[in-house]
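Inside the fold
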Amino acid sequence: MERTNWAGFAAAERDFAAAVERRFTAYTHHVLATLRRDGSPRLTGIEATFRDGELWLGMMPGSRKALDLRRDGRCSLMANPGPDTAAMLADGDARIAGRAVETTDEAAVRRYLRGQEPAPEVFHLFRVEPTEVVTTGVDGDRLVLRSWTPARGLVTIRRGNGEEPVEVEH
């Protein structure tokens, strides 16, 4: 599996990355899926931060989601859809799947904390290496799915609710 960081994804697909960041920065709280010890999913709230070419997840010390990610970094993050479906329909639903890697480097932690007052004394900090970035939206009567992976790049799929053919753009 190819590995990249947020900056690598943004360099490959600048406009798509900017649209996904807009969805995530429109609201503070999002939904994170991690894997429990038995392999079942755990959904929990999270704040995501885009800074210095990375997608960061900060967590309270000893939280279940942090322990999940320390054991198995695979995760998925879904942007908050907002108070109603209008924003989601206009901008698309955004999701990021990837691998969370814990960061203990003091310089990286200081950069992450800059401007946060008061700064937490102890916390877990993970950067996300995206393996798939997806938006799903509506254009007229067509569902539009945009999906990016490091290996395949960006693909756009448009489909309707009837018998019309599915359109695929690479």
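The structure we're discussing is the one just above.
We now turn to the structure provided with this report.

This next bit is on the pattern of salt bridges. Scanning all chains against the criterion turns up 12 salt bridges. A salt bridge links R70 to E102, with the nearest nitrogen and oxygen atoms 2.7 Å apart. With R70 in helix α3 (residues 64-71) and E102 in strand β5 (residues 93-102), the pair connects residues that are 32 residues apart, well separated along the chain. Across the pair R74 and D72 runs a salt bridge, and its minimum N-O distance is 2.7 Å. Judged by relative accessible area, which is 18%, D72 ranks as buried. One network of salt bridges, with partners in common, ties together R42, D68 and R71.

Attention now moves to the layout of surface pockets. Empty space among the atoms can be located by rolling a probe the size of a water molecule over them. Taken as a whole, the largest pocket encloses approximately 330 Å³ of empty space. Taken together, 19 residues form the lining of the largest pocket, with E47, A48, T49, G58 and Y112 sitting closest to its centre. If you list the elements that add at least two residues to the lining of the largest pocket, you get α2 (14-25), β2 (41-51), β3 (54-59) and α5 (106-113). Among the elements that make up the lining of the largest pocket, the one with the highest residue count is β2 (five residues). Residue composition of the lining of the largest pocket, by class: 11 nonpolar, six polar and two charged.

The next thing to look at is α2. The periodicity of an α-helix, 3.6 residues per turn, causes residues three or four positions apart to be oriented the same way. The terminal C-alpha atoms of α2 lie 16 Å apart, and with 12 residues this matches the ideal 16 Å at 1.5 Å per residue to within 8%. Along α2, the residues classified as buried are F16, A17, V20, R23 and F24. The buried residues of α2 occupy one face: seen down the axis, they fall within an arc of 120 degrees. Exposed positions of α2 whose direction lies more than 90 degrees from the buried face are R14, D15, R22 and T25.

Cut-offs used in this document
- Residues numbered from 1 in each chain as written.
- Predicted model: local features only at pLDDT ≥ 70, side-chain atom pairs only at ≥ 80, totals over all residues.
- Heavy atoms only, no water.
- Salt bridge = Lys/Arg side-chain N within 4 Å of Asp/Glu carboxyl O.
- Helix = DSSP H or I, 4+ residues; strand = E, 2+ residues; numbered from the N terminus.
- Buried < 20%, exposed > 50% of the residue type's maximum accessible area, 1.4 Å probe, protein only.
- 1 Å grid on protein atoms, 1.4 Å probe; cavity = no way out; pocket = protein on both sides within 12 Å on 5 of 7 lines; lining within 4 Å.
- Points joined across faces, edges and corners; volume = space filled by probe spheres on them.
- Nonpolar A, V, L, I, M, F, W, Y, C, P; charged D, E, K, R; others polar.
- Expected span 1.5 Å × (residues − 1).
- Arc of directions from axis to C-beta.

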